[in-house]
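These are the residues of each chain, in order.
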Amino acid sequence: MSDTVTTTIPLTVMPSGKTFDAETGITLLEALRRAGVLTHECDGGAKCSDACHLFVLEGRKSLSKTTREENERLDAIVGVGAKSRLACRAVLGDQPVTVEVLSFV
């Protein structure tokens, strides 16, 4: 039997301001699903255009780097800014993160 330790970080969702513990190493989409913040139905494959679009207000450097595929998807979305990420592509690191949930709430 292995002793695995699950590390969590605070994930704050705006505009509600609610904070919950999110497991590191999972996507923002999965963390938001587990917290009951959204029930968005997708496979997490960055194929549903703007449905996973959100703004990372704090903790952006703690997330995984933006991939070329994610950038290509973001380029096709109206309203994208410097803080934009796709929830299905951004993997949580070890620092607290604050996001603003957009279209899929």
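Before reading further, recall that the structure is shown in the block above.
The sections below set out a description of the structure shown in this document.

Conventions adopted
Residues numbered from 1 in each chain as written. Predicted model: local features only at pLDDT ≥ 70, side-chain atom pairs only at ≥ 80, totals over all residues. Heavy atoms only, no water. Helix = DSSP H or I, 4+ residues; strand = E, 2+ residues; numbered from the N terminus. Buried < 20%, exposed > 50% of the residue type's maximum accessible area, 1.4 Å probe, protein only. Areas by Shrake-Rupley, 256 points an atom, 1.4 Å probe, with all protein chains shown as cover. Pairing = 2+ DSSP bridges. Core = buried A, V, L, I, M, F, W, Y, C linked by side-chain atoms within 4.5 Å. Contact = heavy atoms within 4.5 Å.

What about the overall build of the protein chain?
Next, step 1: The helix and strand inventory of the protein chain stands at two helices and five strands.
Next, step 2: Going from N to C terminus, the protein chain has its helices and strands arranged as β-β-α-β-α-β-β.
Next, step 3: Out of the 105 residues belonging to the protein chain, those deemed buried represent 39%.
Next, step 4: Accessible area of the protein chain: about 6,200 Å², with a carbon and sulfur share of 49%.

Section: the pairing of strand 5 (residues 97–101)
Next, step 1: The element strand 5 is extensively covered by neighbouring structure, given that four of its five residues are classed as buried.
Next, step 2: Bridge count between strand 1 (residues 8–14) and strand 5: four bridges; the pairing is parallel. The partner of Leu11 across the bridge, within strand 5, is Val97.
Next, step 3: Note that strand 3 (residues 53–58) and strand 5 share four bridges and pair antiparallel. Bridging across to strand 5, Glu58 finds its partner in Thr98.

Focus: the nonpolar core
Next, step 1: Ranked by internal contacts, the top residues of the largest apolar core, which has 25 residues, are Leu11, Leu28, Leu92, Val97 and Val99.
Next, step 2: Secondary structure elements with two or more residues in this core: strand 1, strand 2 (18–23), helix 1 (28–34), strand 3 and strand 5.
Next, step 3: With four residues, helix 1 is the largest single contributor of residues to this core.

Description of the environment of Thr7
Next, step 1: For Thr7, the location among the structural elements is in the segment before strand 1.
Next, step 2: When its relative accessible area of 42% is taken as the criterion, Thr7 is described as partly exposed.
Next, step 3: Note: C-alpha distance between Thr7 and Ala22 (15 residues apart in sequence) is 8.3 Å.
Next, step 4: Sequence-distant contacts of Thr7, that is, excluding residues within four places in its chain, are made with Ala22, Glu23 and Thr24.

Fair warning: the whole summary comes from geometry, so function is off the table for now.
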